[in-house]
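Residue-level structural notes
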Amino acid sequence: MLSDNAKSYLQLHLIVFIWGFTAILGRLITLDALPLVWFRMLFAVAFIFIYIRNYKIGIKIPRKIILKFLVAGLIIALHWFTFFRAIKVSNVSITLACLSTGAFFTSLIEPIFFGKKIVWYEIFFGIIVVFGLTIIFKVESNYIEGILLALLSAFLSASFAVINSKFVQTFDPTVISFYELSGGVLFFSVFLLLGNSLNAEFFLLSMRDLICLLILSSVCTAYAFIASTAVMKFLSPYTVMLTINLEPIYGIILAVLIFKDKEQMSNGFYFGALIILTTVILNGIIKSRKKVDK
């Protein structure tokens, strides 16, 4: 029988593959990033609510905690917005390659949240990651906006992973997901209302967009969001972020197979991306061995 840690790790890999496919759906959906994320979160909240009602899960928690969940929801909503916006202004390969810097950001954020000492070899690896990014910047200078948005998305993702790792120790993952996604819908709804964007035209969706959004919100969001939150009970934030860095590999392969020439990049891009991914993997191996030695 597999241990809880092993089961969680295998499930995390499935989730990461699903997230790799998320980028493909983001490319296929014709909506702009903001309405795309809003519909994604709205549909996901509906799916999770049905799940909660069906399994009679209690969602009553202190108001102060709900407020924290709502704020965390804003962070993940902004992560998704910058992620899909990066795909729209560049492509899947650029976005996913830059998103792999999430583990480096986590190594900087974790000491702040958990009072841990900064690990200096991680800082060294971070410098190498920056070198890899510099190569990508130089050879793909026409995608600067997409690169910057993807890096911001990686930072937001790392921040969210660290924050959520504290919540899951106390609260049910489904309840956390319900409130966080509801918070994302709430904050983005206010923004859309202020911009007078929630009109009749906003809700006109093509059949392809609707189908893609339903897959995105059910499998890639409701299921993956709850499951990824649940595995944090057994895996550290760094392990989660490290595994998430396989998302570019899955996503880029899928993108090349589906979109072909549109995702073909220069040799310099792949060299820079390889430096980043290799550094992240080496960092994880060293960290794992140090834990074993202890």
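Residues numbered from 1 in each chain as written. Predicted model: local features only at pLDDT ≥ 70, side-chain atom pairs only at ≥ 80, totals over all residues. Heavy atoms only, no water.

Things to note about the overall build of the chain
To be explicit about the condition: Going along the chain from the N terminus, every DSSP run of H or I of four or more residues is numbered as a helix, and every run of E of two or more is numbered as a strand. To get the radius of gyration, use the C-alpha atoms; to get the globule rule, take the number of residues to the power 0.38 and multiply by 2.2 Å. Using a 1.4 Å probe on the protein chains alone, a residue whose accessible area is under 20% of its type maximum counts as buried, one over 50% counts as exposed, and one in between counts as partly exposed. Any two residues having at least one pair of non-hydrogen atoms within 4.5 Å are treated as being in contact. Residue-level accessible areas treat just the shown protein chains as cover; the underlying method is Shrake-Rupley with a 1.4 Å probe. Counted charges follow a simple rule, with Lys and Arg positive, Asp and Glu negative, and His plus the chain ends left uncounted. Charge positions are represented by NZ for Lys, CZ for Arg, CG for Asp and CD for Glu.
A count of helices and strands for the chain gives 12 helices and 0 strands. When the elements of the chain are put in sequence order from the N terminus, they spell out α-α-α-α-α-α-α-α-α-α-α-α. A globule of 294 residues ought to have a C-alpha radius of gyration of about 19 Å, and the chain, at 19 Å, matches this closely. Each principal axis of the C-alpha distribution contributes one length, and for the chain these read about 50 × 45 × 40 Å. Expressed as a percentage of its 294 residues, the buried residues of the chain come to 53%. Long-range pairs, those at least 24 residues apart, make up 89% of the contacts in the chain with a sequence separation of at least 6. Entry remark: accessible area of the chain is about 14,200 Å², with carbon and sulfur atoms responsible for 68%. Taken as two groups, the 24 positive and 14 negative side-chain charges of the chain have centres that lie 9 Å from each other.

Looking at the side chain of Ser 182
Here is the rule: For the purposes of these results, a polar contact is taken to be a pair of N or O atoms within 3.5 Å, where, inside protein, one atom must be able to donate a hydrogen and its partner to accept one; residues adjacent in sequence count only when each atom of the pair is a side-chain atom.
Position of Ser 182 among the secondary structure elements: in helix 8 (residues 173-194). Looking at Ser 182, its side chain comes within polar contact range of the main-chain oxygen of Phe 178, at 2.6 Å. In contact with Ser 182, other than residues within four places in its own chain, are Val 45 and Leu 70.

Comments concerning a nonpolar patch on the surface
Just so we agree on the cut-off: Nonpolar side chains (Val, Leu, Ile, Met, Phe, Trp, Tyr) are joined into patches within 5 Å and like charges within 9 Å, using only residues with over 30% relative accessible area and no salt bridge. The rule for a salt bridge is simple: a side-chain nitrogen of Lys or Arg has to be within 4 Å of a carboxyl oxygen of Asp or Glu.
There is a patch of nonpolar side chains on the surface, built from Leu 14, Met 207, Ile 211, Ile 215, Val 219 and Tyr 223 and spanning about 530 Å² of accessible area. Of all the elements, helix 9 (residues 207-231) adds the most residues to the nonpolar patch, at 5 residues. The residue Ile 211 is located in helix 9 in this model.

A look at helix 7 (residues 144-167)
Note the threshold: Multiplying one less than the number of residues by 1.5 Å gives the expected span of a helix.
Across its 24 residues, helix 7 extends 35 Å between first and last C-alpha, which sits within 8% of the 34 Å expected from 1.5 Å per residue. Most of helix 7 is tucked away: 18 of the 24 residues are buried.

Some points on the packing of aromatic side chains
Applicable threshold: Paired rings are identified among Phe, Tyr and Trp, the last through its six-membered ring, by centres lying within 6.5 Å, and are further divided according to the angle between planes into stacked (under 30 degrees), edge-to-face (over 60) and tilted (the rest). Lysine and arginine charges are scored as sitting over a ring when NZ or CZ, respectively, is within 6 Å of the ring centre and within 35 degrees of the ring normal.
Inspection of every chain in the model, using the stated rule, returns 19 aromatic pairs. Ring geometry for Phe 39 against Phe 43: centres 5.9 Å apart, planes inclined by 50 degrees, an arrangement best described as tilted. Within this pair, Phe 39 and its partner Phe 43 are both found in helix 2 (residues 33-54), separated by 4 residues, close to a single helical turn. Aromatic side chains Phe 105 and Phe 155 sit 5.6 Å apart centroid to centroid with 85 degrees between the ring planes, which places their arrangement in the edge-to-face category. On the criterion of sequence distance, the pair formed by Phe 105 in helix 5 (residues 102-114) and Phe 155 in helix 7 is long-range, its members being 50 residues apart. Judged by relative accessible area, which is 37%, Phe 155 ranks as partly exposed. Taken together, the ring pairs connect Phe 49, Phe 69, Phe 167, Phe 171, Phe 178 and Tyr 179 into an aromatic cluster. The ring of Trp 80 carries Arg 40 above its face, with NZ or CZ at 4.0 Å from the centroid.

What about the confidence of the model for the chain?
Here is the rule: Predictor confidence is given residue by residue as pLDDT, running from a minimum of 0 to a maximum of 100.
Overall, the predicted model of the chain reaches an average pLDDT of 87, with 94% of residues at or above 70. Within the chain, helix 3 (residues 63-89) carries the highest mean pLDDT (96), whereas helix 10 (residues 237-244) carries the lowest (68).

Re helix 2
Since one α-helical turn is 3.6 residues long, residues separated by three or four positions face the same way. Spanning 22 residues, helix 2 covers 32 Å between terminal C-alpha atoms, matching the ideal 32 Å at 1.5 Å per step. Looking one or two residues beyond helix 2, the residue adopting positive phi is Lys 56, at roughly 50 degrees.

Describing the packing of helix 1 (residues 4-28) against helix 11 (residues 247-259)
Packed helix pairs are characterised by how far apart their axes lie and by the angle those axes make with each other. Just so we agree on the cut-off: Interaxial angles span 0 to 180 degrees and are taken between N-to-C directions of axes, which are lines fitted to C-alpha atoms, for helices over the stretch in contact. Should an angle fall under 35 degrees it is taken as roughly parallel, and over 145 as roughly antiparallel, whereas 65 to 115 is taken as roughly perpendicular and any remaining angle as oblique. In a left-handed crossing the near helix is turned counterclockwise from the far helix by less than a right angle, and in a right-handed crossing that turn is clockwise. In this classification, Asp, Glu, Lys and Arg are treated as charged, Ala, Val, Leu, Ile, Met, Phe, Trp, Tyr, Cys and Pro as nonpolar, and every other residue, Gly included, as polar.
Viewed as axis vectors pointing N to C, helix 1 and helix 11 meet at an angle of 40 degrees, and their least axial separation amounts to 8 Å. Taken together, the axes of helix 1 and helix 11 lie oblique to each other. In this structure, helix 1 crosses over helix 11, and the sense of that crossing is right-handed. Side by side, helix 1 and helix 11 meet where His 13, Val 16, Phe 17, Trp 19, Gly 20, Phe 21, Ile 24, Arg 27 and Leu 28 of the first sit next to Glu 247, Tyr 250, Gly 251, Leu 254, Ala 255, Ile 258 and Phe 259 of the second. Split by residue class, the contact of helix 1 with helix 11 holds 11 nonpolar, 3 polar and 2 charged.

A few points about the nonpolar core
The condition that has to hold: Buried residues of nine kinds, namely Ala, Val, Leu, Ile, Met, Phe, Trp, Tyr and Cys, make up a nonpolar core once their side-chain atoms join them within 4.5 Å.
Residues Met 41, Trp 80, Phe 84, Leu 181 and Leu 216 are the most contacted members of the largest nonpolar core, which totals 75 residues. Dropping the residues within four chain positions of it, Trp 80 is found in contact with Val 37, Arg 40, Met 41, Leu 181, Thr 221 and Phe 225.

Thoughts on the environment of Gly 102
In this fold, Gly 102 is placed in helix 5. We classify Gly 102 as buried; its relative accessible area is 0%. Along the sequence, Gly 102 and Ala 154 sit 52 residues apart, while their C-alpha atoms lie 4.7 Å from each other.

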